[in-house]
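Okay, here's what each chain looks like letter by letter:
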Amino acid sequence: MNNWVPSWWPALLYSAKTAVAALAALGIALLDGQAMPFWAMSTVYIVSNPVAAATRSKAVYRALGTIIGAAAAVFMVPLLVNSPLMLSLALAAWVGGCLAVSLLDRSPRAYALMLAGYTATIIGFPAVNRPEAIFDTAAARVTEILLGIACATVVHSLILPQSLGSRLGPRLDTWLANAESWLADIVDPRPGPDQRATFEQDRRRLAVDAVDCVLLATHVPYDTSHWREANRTVQALLYRMLLLLPILSGLADRRRGLGDDPALAPALADARQWLADGTDAADQPDYLAGAQPASHWPDLLRESFLVRLGQASMILRESRQLLGRLDDPRRALPAALAGERVHLRLTNDPGQALLAGLSAMLAILLVTAFWIYSGWPDGAGAAVMTGVFCCLFAALDNPVPMILAFGVAITSAIPFAGIYLFGVLPRVDGYVELCAVLLPPMLGMGMFLLHPRHGLLATAFAMGFFSALALQQEYNADLERFINGNMGQLLAVLAAAGVSAALGTTAADAAIARLVRRQHHDLARLAGANSPPDPARVLSRASDHLSLITQRLGAGDDRAVMGLSDVRIAVNIAQIQQLRASGDRRLRVACTRLLQATARYFARSAPGDAPPPALLVHIDRALRSTLGAAAPRAGYGGELIGSDPATGRAALVAFRRNLFPDAAAFDPAGIGGVPA
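Engineer: Would you mind showing me how to read the overall build of the protein here?
Structural biologist: From N to C terminus, the protein includes 25 helices and zero strands. A total of 676 residues make up the protein; the buried ones form 56% of that total. Pairs at least 24 apart in sequence give 79% of the contacts found in the protein among residues at least 6 apart. Surface accessibility of the protein: about 27,900 Å² in total, with carbon and sulfur atoms responsible for 60%.

What follows is the structure, encoded as C-alpha cells:
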C-alpha cells in the first residue's frame, strides 16, 4: 500500500461501505413495508467481505440456501404444527442434515446448505403460533435476507471494490519466495545444525499457507478483474505450489542422507547461481549433464537428489512464469503451460461432519423441549439462535470457546442497544435522522471487522445490536419484551456450547489421529488403484491433510513431520503407478507386487507401525528392474510426475528412503545389503 495512506484507512473504508449497504437495506425495507427490516441490516454484516469476489460468491449460495430453507419451513410447519415435538424433531433433523452435508464441501457451495439449514428454523419456529401465515412469514424473511445480500453485493462491488488479485497475488508471491528460500537453504554448501532443523520445521508452515491460497482461490470465478479469465492459470500455479512441498521436503531428506558429498558441489554451486540470477529469468541448469546410469546405493541416492533438484528448479521457474502472467495478462506462456488443465480437490471428514450435525440437532431439541414444556412466549428466538451458533462453528474441532466468545459479544451489545432503544430512538423522527444516530456506532463496530482476532466478534456484536433494536415500521419498545426476548440468546449460547462440549468437541490428539488414519487409508486406496491417479487430486488431498494436522500441532511437532513424509509417499506412489503403466513386463510385475504390498501395509497397520521387511524386498526388486536406464534429465518432459524408467528409479529411491530410512544399502545384485 502507498506510504501516504494511513494504516487505519482500509478498516474505515470497509466499515463505511458496510454501513452504507446496511442503511440502504434498512431504507428499502422500510419503504417496502417489511415487518422486520433489521434482518436486512444483520444480513449485510454477515455476508460482507473485504474482497468483492468473496462477497459475490457467498451471496449467490446464501441466496440459494435461503430460498431452499424457506421452502422447507413452508412444507414442514403446516404439516406438523399440531405436533410440536414432531415439528421440533423435523426442523432439528433438517438443520443437522444440512450442516453435515455442507461440511463435506469446503468451497463457497457449502454456504447454500448451511443457510438452508438454519433459515428453516428462522422461519419455522417463530411461525408456530401463526401457522396459517407461514407463507407470508417465509416470503417476508426471504425478501429481507435477499435484500441484505443484494445491498452488500452491490455496494462492495461498485464502491472502491478490492480485487481478489490484490489479496491473493501478494500471498502467492510470498509463498514462492519462501519456497525459493527453502531451496537456498538446502543447496547451502555447509548447512549448520540450526539450518538443518528449519528444513522440516519452519518450512512446514508452507503447507498451511498453500492450502489457504487454494481456499481463497475458490472465489476467483467471481472476480471482475482479469483474474477471472485466468482461473486455469491460478489452478496450474496452485498445483505447482502443492507439488513443491513434497519435492523440496524430499530434497532436504536426500541432502541429509548424502551429507557433505563432494560430488554434489558442482550441482549445488549451479543451483545457488541460478537462484541468485532469478528463477523467472533463466532456465534451470542441467544438474545431471554427463551422468552415467547409477546402480550402487550412494550413486542412486545422489541421482535421486539431482532429479529432485531439477524438478524443483523447473517447477519454481514455471511458477514464476504463471505468476507473471497473472500480474500481466499480456505476458505469453509456453504452450505446455497455456494448455494445462488441473483439478484440485480438498479432503473432507465425514465423521466430524456427522458429529457436528448430530450436535446441532440435539442442542435444538433441548431448547425446543424447554420452550414447549415451560410455555416460554419468546422461546422461538432461543431455538433459532441455537441452530445458528451450532452451524457457524461446526467446522472447529472444539467449537465451545468460539461459541462462548461469540455469545459474549452478542450479549454485550444488548445493554448498548437498550440505551439506543429507550433513550435515543424515541427522539428520532424520520429515516434521515435514524441514519444519523445509527451511523456512529455502525462505523465504530465496523472498524474492527477486518481485525484478524476481533473481526468475528465485531460481526457478532453488530448482529446482537441490530437484533436487540428490532427496528420495525413504527417505534414500539417494550422493556419486558426486550429483556425476555434477549434472554433467549443466553440460553442458546449455553445450549450450543453445552451440547458441543458433551458430544461435538474433539480433542486435538484425537482429531490428529483421525486425520492420520484417513491419510493412511488414502495411501492404501492410491496404491491399490488399477490405473494411474490424477496427480493434482493426490497432491491436494495429501497436502490438505498435512495442513489440517499442522494447524492443530504447530510446525515443530514430530507428527507434523510424519504428515509431510506421507505427502512425499503419496507422490512416490503416484509416480510408481505411472511407472507401472509405461514399463515393460518385468517392471510392471515388480511394480504391481510393490503396490499390492504397499496397499496391504497402509490398510492393515496402525499409524506409526514399522513397515514389514517384505515391503523393502519389493522396493528393491522394482528398483533393480530400472537399472540400466539412462539417467533422467533435469527436466521431466513437461510432466509434473514423469513415467520413464529413469525418473521412476528416482521415485523408488525416494520411496525406499521415506519408508526405510535406516535400512541396509540397496544391493543391485540382490544378494544382500551393507549398512547404509
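Engineer: Just to check I follow, could you spell out helix α4 (residues 84-102) for this structure?
Structural biologist: Note: α-helices contain 3.6 residues per turn, so residues at a spacing of three or four share the same orientation. Here α4 spans 27 Å end to end across 19 residues, near enough to the 27 Å set by a 1.5 Å rise per residue. Here α4 has its buried residues at L87, S88, A90, L91, A92, V95, G96, C98, L99, A100 and S102. Buried residues along α4 sit in contact with α3 (52-80), α5 (110-124), α14 (350-374) and α15 (379-392).

Engineer: Looking at this model, I keep getting lost on the pattern of salt bridges. Mind explaining?
Structural biologist: Close approach of charged atoms allows side chains with opposite charge to pair. Tallying each qualifying case throughout the model produces 15 salt bridges. Residue R256 pairs with D253 through a salt bridge whose shortest N-O separation is 3.7 Å. One end of the pair, R256, and the other, D253, are both in helix α10 (residues 231-258), three residues apart, so they sit about a helical turn from each other. With its nearest N and O atoms 2.8 Å apart, the salt bridge here joins R649 to E303. In this pair, R649 sits in helix α25 (residues 645-659) while E303 sits in helix α12 (residues 297-327), placing the two residues 346 residues apart along the sequence. Neither residue differs from the other here; R649 and E303 are each classed as buried. Three or more residues joined by partner-sharing salt bridges are found here, namely D253, R254, R256 and R657.

Engineer: Is there a simple way to think about the environment of L627 in this case?
Structural biologist: Structurally, the position occupied by L627 is in the loop between α24 (613-624) and α25. The spatial distance from the C-alpha of L627 to the C-alpha of S295 is 6.2 Å, given a sequence separation of 332 residues. Setting aside its immediate chain neighbours within four residues, L627 contacts A294, S295, L300, R649, F666 and P668.

Engineer: Explanation requested: the state of the cysteines in the structure shown.
Structural biologist: Put plainly, two cysteines are in a disulfide when a covalent bond ties their sulfur atoms together. Counted by the stated rule, this structure contains zero disulfides. This cysteine, C390, is not joined by any disulfide, and C391 carries the nearest cysteine sulfur, 6.9 Å off.

Engineer: I keep staring at a nonpolar patch on the surface and nothing clicks. Help me out?
Structural biologist: On the surface, V20, V154, L158, I159 and L160 cluster together to form a nonpolar patch covering roughly 470 Å² of accessible area. Mapped onto the secondary structure, I159 falls in the loop between α6 (134-158) and α7 (164-186).

Engineer: Sorry, what's going on with the side chain of T119 here?
Structural biologist: For T119, the location among the structural elements is in helix α5. T119 sits in the buried class, given a relative accessible area of 0%. The residues touching T119, leaving out its near neighbours within four places in the chain, are T66, G69 and A70.

Engineer: Teacher, can you tell me more about a positive patch on the surface here?
Structural biologist: Side chains of R585, R588, R593 and R621 sit close together on the surface and give a patch of like positive charge. Top element by residues in the positive patch is helix α23 (residues 585-604). It accounts for three residues.

Engineer: Sorry if this is basic, but what is going on with the nonpolar core here?
Structural biologist: Side chains that are nonpolar tend, in soluble globular proteins, to be buried together. One finds L168 and L172 to be the most contacted residues of the largest nonpolar core, which totals 105 residues. What L172 contacts, discounting residues up to four positions off in sequence, is C213, W227, L237, L238, M241, L323 and L326. Counting residues in each nonpolar core, the second largest holds 55 residues, with I123, A353, C391 and A496 among its members.

Engineer: Sorry if this is basic, but what is going on with the environment of A312 here?
Structural biologist: Mapped onto the fold, A312 is located in helix α12. With relative accessibility at 0%, the residue A312 sits in the buried group. On a C-alpha basis, the gap between A312 and I247 in space is 6.4 Å, while along the polypeptide they are 65 residues apart. When near neighbours in sequence (up to four residues on either side) are disregarded, A312 contacts L244, I247, L248 and L251.

Engineer: Before we go on, may I ask you to explain the packing of α10 against α12 in this structure?
Structural biologist: Two packed helices can be described by the angle between their axes and the distance between those axes. Put simply, α10 and α12 touch, their axes get as near as 8 Å, and they point 155° apart. The pairing of α10 with α12 is recorded here as roughly antiparallel in orientation. Seen from above, α10 lies across α12 with left-handed handedness. In terms of residue class, the contact of α10 with α12 is made up of 19 nonpolar, five polar and seven charged.

Engineer: Would you mind showing me how to read the packing of aromatic side chains here?
Structural biologist: When we look at a pair of aromatic rings, we describe it by the centre distance and by the angle of the planes. Counted by the stated rule, this structure contains 13 aromatic pairs. Aromatic side chains F38 and W39 sit 5.8 Å apart centroid to centroid with 25° between the ring planes, which places their arrangement in the stacked category. What makes F38 buried here is its relative accessible area of 8%. Joined through ring pairs, the aromatic side chains of Y45, F416, Y420, F461, F465 and F466 make up one cluster. The lysine or arginine in question, R656, covers the ring of W297, its NZ or CZ lying 4.7 Å from the ring centre.

Engineer: How should the packing of α5 against α15 be read in this particular structure?
Structural biologist: Two elements in contact, α5 and α15, have axes whose closest approach is 8 Å; the angle formed by their N-to-C orientations is 165°. Between α5 and α15, the angle is such that the two are roughly antiparallel. Every pair of crossing elements has a handedness; the one defined by α5 and α15 is left-handed. Residues M114, Y118, T121 and I122 of α5 pack against V384, G387, V388 and C391 of α15. A breakdown of the residues in the contact of α5 with α15 according to their chemical character gives six nonpolar, two polar and no charged.

Engineer: Would you take a moment to explain the confidence of the model for the protein for this structure?
Structural biologist: Detailed conclusions should not be drawn from predicted coordinates in areas where pLDDT is low. Counting all residues, the mean pLDDT for the protein is 83, and 89% of those residues have values of 70 or more. Considering only residues more than four positions removed or in separate chains, one finds that residues 634-639, a stretch of pLDDT under 50, has 11 contacts.

About the thresholds
- Residues numbered from 1 in each chain as written.
- Predicted model: local features only at pLDDT ≥ 70, side-chain atom pairs only at ≥ 80, totals over all residues.
- Heavy atoms only, no water.
- Helix = DSSP H or I, 4+ residues; strand = E, 2+ residues; numbered from the N terminus.
- Buried < 20%, exposed > 50% of the residue type's maximum accessible area, 1.4 Å probe, protein only.
- Contact = heavy atoms within 4.5 Å.
- Areas by Shrake-Rupley, 256 points an atom, 1.4 Å probe, with all protein chains shown as cover.
- Expected span 1.5 Å × (residues − 1).
- Salt bridge = Lys/Arg side-chain N within 4 Å of Asp/Glu carboxyl O.
- Disulfide = S-S within 2.5 Å.
- Patch = residues over 30% accessible without salt bridge, like charges linked within 9 Å, V, L, I, M, F, W, Y side chains within 5 Å.
- Lys, Arg positive; Asp, Glu negative; His and termini not counted.
- Charge placed at Lys NZ, Arg CZ, Asp CG, Glu CD.
- Core = buried A, V, L, I, M, F, W, Y, C linked by side-chain atoms within 4.5 Å.
- Axes fitted to C-alpha atoms, helices over the stretch in contact; angles between N-to-C directions.
- Parallel < 35°, antiparallel > 145°, perpendicular 65-115°, else oblique.
- Left-handed = near helix turned anticlockwise from the far one by under 90°.
- Nonpolar A, V, L, I, M, F, W, Y, C, P; charged D, E, K, R; others polar.
- Phe/Tyr/Trp six-rings, centres within 6.5 Å; stacked < 30°, edge-to-face > 60°.
- Lys NZ or Arg CZ within 6 Å of the ring centre and 35° of its normal.
- pLDDT = per-residue confidence, 0-100.

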